[in-house]
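Commentary on secondary and tertiary structure
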Amino acid sequence: MSRIAPWRRAALAAGTCTAVASLLISGATGAGAANSAAAPDIDIAAVKADLAELQSIADANGGNRAHGQAGYKASVDHLKKKLDAAGFTTKIQEFTHGGATGYNLVADWPGGDAENVVMAGAHLDSVDEGPGINDNGSGSAAVLEVALAVAKADLKPEKHLRFAWWGAEEYGMVGSTHYVNELGSGELGKLDAYLNFDMLGSPNPGYFVYDDDPALEKVFTDYYATKNIATEPETEGDGRSDHAPFKEAGVPVGGLFTGAEATKSQAQADKWGGKAGESFDPCYHSSCDSPKNIDDKALDTNTDAIAHAIWQLSS
Ligand code: TRP
Ligand code: CA
Ligand code: ZN
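Reading the values: the criteria
- For every chain, the first residue of the written sequence is number 1, and numbering continues from 1 along that sequence.
- By the order in which they are written, chains take letters starting at A while ligands take numbers starting at 1.
- The predicted nature of this model means local features are confined to residues of pLDDT at least 70 and side-chain atom pairs, given and counted, to a pLDDT of 80 or more, with totals for whole chains, interfaces and linings taken over all residues.
- For side-chain calculations, the full set of non-hydrogen atoms in the structure is used, while hydrogens and water are omitted.
- Sodium, potassium and calcium take a 3.2 Å donor cutoff, other metals 2.8 Å, and in both cases only N, O and S atoms count; water is not among them, so sites may look incomplete.
- Numbering of helices and strands runs from the N terminus; a helix is a DSSP stretch of H or I covering at least four residues, while a strand is a stretch of E covering at least two.
- Relative accessibility under 20% of the residue-type maximum defines a buried residue, over 50% an exposed one, and the middle range a partly exposed one, all with a 1.4 Å probe and only protein chains included.
- Here a strand pair is declared whenever DSSP counts at least two bridges between the two strands.
- To get an axis, a line is fitted to the C-alpha atoms, and for a helix only the part in contact is used. The angle between two axes follows their N-to-C directions and goes from 0 to 180 degrees.
- We call two residues contacting when some pair of their heavy atoms lies within 4.5 Å.

Distances from the zinc ion (ligand 3) to its protein donors, His-123 (NE2), Asp-135 (OD), Asp-198 (OD) and Asp-198 (OD), fall at 2.0 to 2.7 Å. Of note, the zinc ion (ligand 3) draws all its donor residues from one chain, in the sequence arrangement H-x11-D-x62-D. Highlighted residues: Asp-135 in helix α4 (residues 133–152) and Asp-198 in the loop between β5 (191–197) and β6 (208–210), separated in sequence by 63 residues. We note that Asp-135, like Asp-198, is buried.

Structure (structure tokens):
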């Protein structure tokens, strides 16, 4: 409770009755309320095509898509074009870090209750050392394809949907921190959930689900259970990606992660395959973080899980 900002506590107190009422209603109809359509299956080929495009952008711009480098801004412009064409209301938010301009890309899906916003995001920047395809082209492309699926379905969600791609995460979550600081308490209080996706296709994948908020965690763990995929609570990442500033500001957060430089335990190898002692991503923060550094099945399943969560949480 001490981590919840005072304004948030007031908002929670005021919203308690309606929150309980809607919990009861959704409880009565079961997961994915009876009147809401199921999320579509997202085509992994589309996600992979996005990753190939991000790799081409890195190739054309000195091999990376890092904050302050041409490849970063080119990545932002590329995604913005697709979102604009699909009918999103987009904006680029600028900030400064280390003497260079950084950019967040925010895309709102018109409609839904503006007082109850469900948000999903991923950092779009790489480190200087490489193209950043698993870290974090994977999360960026997954969120993009889910957003495009919302448009394709012409979804009319009860809650307002917002998608974001953050700059300068690799410098300490600079872009997402800037966004949270600029939002102000009024707008922050309207965020029912922030879902974060960072590294979704590690070549030796683990299936880690953020354990920060039990209800959001369950939306994901229930989904993996239907696929017979074992998950583990993600705890190590607290403070290591863009959900941290939202959590710090009192927003409920959730998300997915397939592992970075840490090595697999024997128990993890037993449940997910591979060998104990191998790192989840041997190309983490290196020049070899290319489209070859992706486990397609993990990225496919995780992208479909995001679609499931967005459909369920916004209905
Ligand atoms: N971008 C993060 C980083 O470079 C990647 C990461 C490591 C991460 N551990 C995590 C992301 C746990 C989410 C959760 O450190
Ligand atoms: Ca799929
Ligand atoms: Zn990352």
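Once that is clear, we can look at the coordination of the calcium ion (ligand 2). Of the protein atoms, only Asp-41 (OD), Ile-42 (O), Asp-300 (OD), Asp-304 (OD) and Asp-304 (OD) coordinate the calcium ion (ligand 2), at distances of 2.2 to 2.7 Å. Each donor residue of the calcium ion (ligand 2) belongs to the same chain, with the gaps between them written as D-I-x257-D-x3-D. You can see Asp-300 and its partner Asp-304 sitting in helix α9 (residues 296–314), four residues apart, about one turn around the helix. Look at Asp-300 and you get partly exposed, because its relative accessible area is 23%.

Attention now goes to the sheet that holds strand β7 (residues 232–234). Strand pairs in the sheet, formed through backbone hydrogen bonds, run parallel or antiparallel to each other. With mixed pairing, eight strands are arranged side by side in an open sheet as β1-β2-β4-β3-β5-β8-β6-β7. A single partner strand is all that each edge strand has here, and the edge strands are β1 (89–97) and β7. Going from strand to strand, the sheet's axes swing by 25° on average, the running direction of each strand aside. Bridge count between strand β3 (residues 113–123) and β5: five bridges; the pairing is parallel. Within β5, the position partnered with Gly-121 by the bridge is Asn-196. Those strands touched by helix α3 (residues 70–86) are β1, β2 (100–109) and β4 (159–166), and its axis lies near 15° from that of β2.

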